[in-house]
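Each chain is listed here by its residues.
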Amino acid sequence: MSPPNTVERLRKRSQFLLVRNGYRAVRPTVLIEARQRAPDGPIGLGFTASSKIGGAVVRNRAKRRLREAARQALPEFGQAGVDYVFVARRGTPDAAWDALLDDVRNALIRLRAELAEGRAERAPWPRSKRPSPPKESE
RNA sequence: UCAGUCGGCCGGACGGCCGCGGGCGCACGUUCGAAAGGACGCGUUCGAGGAAAGUCCGGGCUCCACGCGGAUACGGCGGCGGGUAACGCCCGCCGGGAGCGAUCCCAAAGAUCGCUUUUAGGGAUAGCGCCACAGAGAAUAGACCGCCGAUGACCCGGCGAAAGCCGGGAACAGGCAAGGCUGAAACGGUGGGGUAAGAGCCCACCGCGCCAACCGUAAGGAAGGCGGCACGGCAAGCCCCGCCGGGAGCAAGACCGAAUAGGAACACGCGCCGCGCAAGCGGCAGGCCCGUCCGUGGGUUGUGUUCGGGUUGGUCGCGAGAACCGUGCGGCGACGCACGGUCCAGAGGAAUGGUCGUCGCCUCGGCAACGAGGACACAGAACCCGGCUUAUAGGCCGACUGGCGUU
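Residues numbered from 1 in each chain as written. Chains lettered and ligands numbered in written order. Predicted model: local features only at pLDDT ≥ 70, side-chain atom pairs only at ≥ 80, totals over all residues. Heavy atoms only, no water.

Student: Would you mind going over the overall build of chain A with me for this structure?
Tutor: Looking only at helices and strands, one finds three helices and five strands in chain A. Ordered by position from the N terminus, the helices and strands of chain A form the series β-α-β-β-β-α-β-α. Counting over 138 residues, chain A shows a buried share of 44%. Looking at chain A alone, contacts between residues at least 24 apart form 83% of all its contacts between residues at least 6 apart. Per element, the accessible surface of chain A, about 7,900 Å² overall, is 50% carbon and sulfur. (Helix = DSSP H or I, 4+ residues; strand = E, 2+ residues; numbered from the N terminus. Buried < 20%, exposed > 50% of the residue type's maximum accessible area, 1.4 Å probe, protein only. Contact = heavy atoms within 4.5 Å. Areas by Shrake-Rupley, 256 points an atom, 1.4 Å probe, with all protein chains shown as cover.)

See the structure below:
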């Protein structure tokens with residue numbers, strides 16, 4: 001049994017691709033994907049910012065803000081054994097900090113509900129929820 | 001003091017709290033993993049740029065290839081000298097172009113000198129090719145207008161006895177290339193002589209070409225002499241000459257290192273039955289595999305250890321150097337040398353962030369105090385250096401040019 005709410009970064013492209021098959025919550029400043037990897041264990045965490053939202057400076061800033069938001073929100077709202085991927089949107093770099101943090105908390109709460117529901121119904125792959133896969137950042 | 005051009009430099013500052021990556025020290029435990037190895041604690045310290053960018057040149061480093069020399073092909077470079085590890089970079093100089101000023105000069109043209117600025121600048125008698133449009137003519141040029149011929153052949157009219165005179169029109173052969181026109185460029189310019197008209201045909205000055213004392217390391221400069229003048233431009237067209245160049249790149253490359261399959265070495269073992277002289281074949285049992293246990297079915301077949309190989313994965317490569325800062329000396333300068341001091345990012349889905357305060361800057365409102373807003377120019381290291389190019393709000397310093405003001 002691992003300590004509660006420890007976080008491990010996702011490092012492999014294959015890990016990111018798996019999470020894309022899970023649930024997703026869209027907010028104006030962020031898109032969060034989540035998938036129940038195991039019933040327990042550390043939280044998995046990854047970040048993605050495609051070249052669609054800007055150059056290297058903008059993408060780095062977006063990822064940093066998302067990382068800081070995750071640091072503040074995940075211990076409270078994250079679920080053990082779940083992999084999360086935070087995808088930056090066009091508004092991520094310039095949004096007010098409070099709004100961004102609010103969107104992240106909100107999305108995490110929503111995902112917690114969907115995960116619990118999905119586990120109860122034993123329907124872990126709602127693949128119909130994805131009309132078009134987002135562009136993968138390198 | 002203001003504006004413009006050029007060159008150099010900086011490119012938000014300080015602090016509180018929380019967080020992230022690397023180094024070092026202390027803990028030496030927990031956890032993930034087959035292993036290699038990784039993650040997690042506390043303290044301390046360091047933590048993006050002048051372009052980190054484009055990936056256009058030059059190197060280091062790594063692997064591959066490679067006897068030596070030459071030739072050819074391909075690619076790059078191209079005034080000279082210097083700097084440099086090297087360069088297509090930098091510095092100085094030479095030559096050419098442009099602008100301004102001064103002098104020579106009646107003036108113009110031109111020359112000389114000074115300042116500023118610009119320039120890929122070997123070869124056009126090695127050869128080939130091209131020179132659009134316009135224009136008469138574009139390369140051993142050409143004759144459209146024009147000039148001469150023309151003090152007028154010839155024609156018409158008038159006068160006259162005639163010779164002829166007056167008025168009007170006007171051609172050929174032939175000569176010329178001054179003037180006009182076109183053009184990026186027209187086979188020297190100005191003045192005079194000369195001539196039917198002209199022409200370097202001749203002369204003076206200027207320009208040009210050839211030779212050249214002497215000066216300079218050299219590119220090159222040049223006193224002087226000779227020549228009536230010939231030799232157009234383009235080589236970022238082919239080309240010729242000289243010099244340089246092996247290829248691929250940190251996803252280079254090195255090491256560690258499961259399972260499975262296949263390989264090698266050594267040790268030990270090779271049951272029972274049938275057939276067969278033997279080699280061997282078949283069956284049974286056993287072992288192993290099909291996730292585990294039981295059952296059933298199937299497959300496979302000596303066992304163990306070690307070596308080698310290398311996949312997933314992991315570690316290294318990875319930052320003390322063509323380093324930075326200061327002082328002194330040499331050099332016009334690029335830069336070099338000496339001495340002293342400093343350690344200055346190393347990620348790997350990729351750290352340098354979040355928030356708050358004070359100040360600065362910009363925008364808006366306001367007479368002002370002040371208030372509101374602003375992720376406040378361009379932009380994010382990825383093996384490392386030297387350059388070039390491109391992007392860049394705002395600010396500082398210097399030089400030159402011009403305007404205004406003051407003495």
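The structure having been displayed, the exposition proceeds.
Student: Sorry if this is basic, but what is going on with helix H2 (residues 56–77) here?
Tutor: An α-helical segment advances 3.6 residues per turn. Residues three or four places apart therefore align on the same side. Between its terminal C-alpha atoms H2 stretches 30 Å, which fits the 32 Å expected from 22 residues at 1.5 Å a residue. In the structure, H2 departs most strongly from a straight axis at Arg-71, where the bend amounts to approximately 35° and where the proline Pro-75 lies between one and four residues downstream. Taken together, the buried positions of H2 are Arg-59, Ala-62, Arg-65, Leu-66, Ala-69, Ala-70, Ala-73, Leu-74 and Phe-77. (Expected span 1.5 Å × (residues − 1). Bend = angle between axes of the 7 residues up to and from the residue.)

Student: Can you help me understand the environment of Asp-40 in this one?
Tutor: Within the secondary structure, Asp-40 sits in the loop between strand S3 (30–36) and strand S4 (43–48). Look at Asp-40 and you get partly exposed, because its relative accessible area is 46%. Between the C-alpha atom of Asp-40 and that of Val-82, which follows or precedes it by 42 residues, the distance is 8.0 Å. With sequence-adjacent residues up to four places away left out, Asp-40 is seen in contact with Ala-80 and Gly-81.

Student: Which parts of the structure should I look at to understand the pattern of salt bridges?
Tutor: Opposite charge on two side chains permits them to pair, given that their charged atoms come into close proximity. A full pass over the atoms with the stated rule returns two salt bridges. Across the pair Glu-68 and Arg-71 runs a salt bridge whose closest N-O atoms are separated by 2.8 Å. On the criterion of helical spacing, the pair formed by Glu-68 and Arg-71 is a turn pair, its members being three residues apart in helix H2. Take Arg-71: its relative accessible area is 57%, and that puts it in the exposed class. One salt bridge in this structure joins Arg-110 and Glu-114, with 3.1 Å as the shortest N-O distance. Taken together, the positions of Arg-110 and Glu-114, both in helix H3 (residues 97–121) and four residues apart, correspond to about one turn of that helix. Overall, the relative accessible area of 10% leaves Glu-114 in the buried class. (Salt bridge = Lys/Arg side-chain N within 4 Å of Asp/Glu carboxyl O.)

Student: Teacher, can you tell me more about the pairing of S4 here?
Tutor: Within a regular beta strand, the side chains point alternately toward one face of the sheet and then the other, so they alternate between its two faces. With six of six residues buried, S4 lies mostly within the body of the structure. Where strand S1 (residues 7–9) and S4 come together, three bridges link them in parallel fashion. If you follow Val-7 over to S4, its bridge partner there is Ile-43. The pairing of S4 with strand S5 (residues 82–88) spans five bridges and is parallel. The partner of Thr-48 across the bridge, within S5, is Val-87. Following the chain from S4 across H2 to the adjacent parallel S5, one finds a crossover that is left-handed. (Pairing = 2+ DSSP bridges. Right-handed = clockwise from strand over helix to strand, strands pointing away.)

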